[in-house]
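# Descriptive analysis of the structure
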Amino acid sequence: MNSFKIKSYAKINLALNVTGKKTKLHKIETLISFIDLYDLIHLKKIKKENHKIIFKGKFSKNIGKINTVANLLKLLDKKNLLNSQKFEIKVIKNIPQEAGMGGGSMNAASLINFFINQKILKIKKNELIKLTSQISSDVILGIKPTIAILSHNGKLKKYNKDIRLHTLVVKPSFGCSTKYIYSKVKSFSNPQFSFPKLKMFEVKYLKTLNNDLEKIAFKKYPKLKKIKLFLSNTHNNMFVRMSGSGSSIVAYFDSKRSCGNAYSQFKRKFSSHWCIASKTI
């Protein structure tokens with residue numbers, strides 16, 4: 001097998017409601033998209049007894065031996081779904097950790113997509129859903145990534161369309177623990193996305209929505225609230241919202257120029273914080 005390069009795109013939550021709780025996990029509904037920010041995965045087949053996994057790049061620090069890529073390969077090997085083939089996988093991490101953008105989950109999803117496309121992995125839909133759930137609840141979102149609506153009952157509706165928004169993504173020097181943020185959820189929202197429609201991705205509707213986890217994250221980290229307020233005051237922004245359980249805050253614009261101007265303003269005010277001007281894909 002030759003060497004391959006795979007782009008593993010960042011996921012963003014345009015809106016997120018916590019609607020209840022199962023035995024362990026919370027029930028959520030969310031509107032998601034992907035942006036032109038990605039980890040780069042280098043992959044090649046090797047003649048070794050074990051897989052070799054390497055993480056490099058700006059956001060590779062503190063990734064342990066137990067991670068989504070390792071967990072995926074362990075599960076595939078256990079079921080012998082790779083036919084005893086072994087791979088060297090090097091991930092260049094450009095997506096921040098603990099940012100609510102699903103970097104690790106999307107790495108696993110991107111590898112699954114690759115294995116399926118290359119006909120290395122042959123798996124039925126129900127088995128695929130079970131496999132992804134064993135790694136992370138977000139992984140299924142990255143299988144053939146497109147804009148999607150996840151309803152509170154767990155059903156996922158995908159659309160082959162780009163909503164064409166420019167995004168300014170900001171992440172401070174700290175991350176948010178998903179486990180901690182959800183542990184502080186004390187109330188639930190009524191479901192809004194039970195009957196998915198493409199119209200839900202129209203800006204007019206998106207403006208009316210929220211991320212239920214913002215209040216918890218902002219209470220724990222007041223700086224996030226300060227960042228959102230600043231971005232909300234940038235010229236021509238359409239709306240500003242935290243992605244996932246944080247700590248990334250995303251401002252949405254209808255033009256590259258407006259997004260670029262906001263980027264410049266933000267860097268002047270918060271020079272130590274990571275941010276990137278991107279767009280939905």
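It should be noted that the structure appears before, not after, this text.
Residues numbered from 1 in each chain as written. Predicted model: local features only at pLDDT ≥ 70, side-chain atom pairs only at ≥ 80, totals over all residues. Heavy atoms only, no water.

### Some words on the sheet that holds strand 8 (residues 239-242)
What counts here: For two strands to pair, DSSP has to find at least two bridges joining them. Per the convention used, a helix needs a DSSP run of H or I reaching at least four residues, while a strand needs a run of E reaching at least two, with both numbered from the N terminus. Fitted lines through C-alpha atoms serve as axes, helices being fitted only where they are in contact, and the angles separating the N-to-C directions of these axes extend from 0 to 180 degrees.
Taken together, four strands build an open sheet; the order of strands is 8-9-7-10 and the sheet is antiparallel. A strand with exactly one partner marks an edge of an open sheet, and here the two such strands are strand 8 and strand 10 (274-279). Put simply, the sheet's adjacent strands are angled 20° from each other on average, direction ignored. The pairing of strand 7 (residues 166-171) with strand 9 (residues 249-253) spans five bridges and is antiparallel. Its bridge partner being in strand 9, H166 is matched across the sheet by F253.

### A word on the packing of helix 7 (residues 222-232) against helix 8 (residues 256-269)
The line we're drawing: When an angle is under 35 degrees it counts as roughly parallel; over 145 it counts as roughly antiparallel; between 65 and 115 it counts as roughly perpendicular; any other value is oblique. Each crossing is labelled by how the near helix is turned from the far one, with a counterclockwise turn of less than a right angle marking it left-handed and a clockwise turn marking it right-handed. By definition in these notes, contact holds between two residues if any of their heavy atoms fall within 4.5 Å. Throughout this entry, Asp, Glu, Lys and Arg are counted as charged residues, while Ala, Val, Leu, Ile, Met, Phe, Trp, Tyr, Cys and Pro are counted as nonpolar. The remaining residues, Gly among them, count as polar.
Running from amino to carboxyl end, helix 7 crosses helix 8 at an angle of 140°, the nearest separation of the two axes being 11 Å. One element, helix 7, and the other, helix 8, form an angle in the oblique class. The two elements helix 7 and helix 8 cross, and the hand of that crossing is right-handed. Residues I227, F230 and L231 of helix 7 pack against Q265, F266 and K269 of helix 8. In the contact of helix 7 with helix 8, the residues fall into four nonpolar, one polar and one charged.

### Regarding the pattern of salt bridges
Pairs can form between side chains of opposite charge once their charged atoms are near each other. Note the threshold: In what follows, salt bridge is the name for a side-chain nitrogen of Lys or Arg lying within 4 Å of a carboxyl oxygen of Asp or Glu. Three labels apply to residues, based on accessible area from a 1.4 Å probe with only protein chains included: buried if under 20% of the type maximum, exposed if over 50%, partly exposed otherwise in between.
All chains considered together, the criterion is met by four salt bridges. Residues D138 and K11 are paired through a salt bridge, measuring 3.7 Å at the closest nitrogen-oxygen approach. Note that D138 is positioned in the loop between helix 3 (125-135) and strand 5 (147-150) and K11 in strand 1 (residues 4-21), a separation of 127 residues in sequence. Of the residues examined, D138 reaches a relative accessible area of 22% and is grouped as partly exposed. Using a relative accessible area of 3% as the deciding quantity, one classes K11 as buried. Residue D77 is joined to K86 by a salt bridge in which the shortest nitrogen-to-oxygen separation is 3.2 Å. According to the relative accessible area criterion, D77 is partly exposed, its value standing at 27%.

### Considerations on the nonpolar core
Condition: Among the buried residues, those of types Ala, Val, Leu, Ile, Met, Phe, Trp, Tyr and Cys that are joined through side-chain atoms within 4.5 Å form a nonpolar core.
By size, the foremost hydrophobic cluster in this structure holds 28 residues, and its most contacted members are L168, L213, L231, I249 and F266. Contributions of two or more residues to this core are made by strand 1, strand 7, helix 4 (178-183), helix 6 (214-220), helix 7, strand 8, strand 9 and helix 8. The contacts of L231, once residues within four sequence positions are left out, are L168, V170, N237, V240, I249, A251 and F266. By size, the runner-up hydrophobic cluster in this structure holds 27 residues, among which are A15, I35, L206 and M238.

### Quick look at the pairing of strand 2 (residues 26-46)
Bridge analysis of strand 1 against strand 2 gives 16 bridges, and the strand direction is antiparallel. Within the sheet, the bridge partner assigned to N13 lies in strand 2 and is I32. In sequence, strand 1 turns back onto strand 2 through a hairpin of four residues. Sheet analysis places strand 2 next to strand 5, joined by three bridges and oriented antiparallel. Note on strand 5: the bridge partner recorded for T30 is L150. Judged from the seven bridges that link them, strand 2 and strand 4 (residues 86-92) form a sheet pairing that is antiparallel.

### Details of the layout of surface pockets
Using the following cut-off: Buriedness for pockets is judged along seven lines, at least five of which must meet protein on both sides within 12 Å for an open set on the 1 Å grid over protein atoms alone, while cavities are sets there where a 1.4 Å probe fits but cannot get out, and lining residues have an atom within 4 Å of a point. Grid points are joined across faces, edges and corners, and a volume is the space filled by probe spheres set on the points.
Within this model, the second largest pocket holds a volume of roughly 370 Å³. As for the second largest pocket, its lining consists of 14 residues, of which F59, Q97, K171, P172 and S173 are closest to the centre. Classifying every residue of the lining of the second largest pocket gives four nonpolar, six polar and four charged.

### Remarks on the environment of I63
Residue position: I63 is located in the loop between strand 3 (52-56) and helix 1 (68-78). In this structure I63 comes out as partly exposed when scored by relative accessible area, which is 24%. In this structure, the C-alpha to C-alpha distance between I63 and Q134, residues 71 residues apart in sequence, is 19 Å. Beyond its immediate sequence surroundings of up to four residues, I63 is in contact with F55, K93 and Q97.

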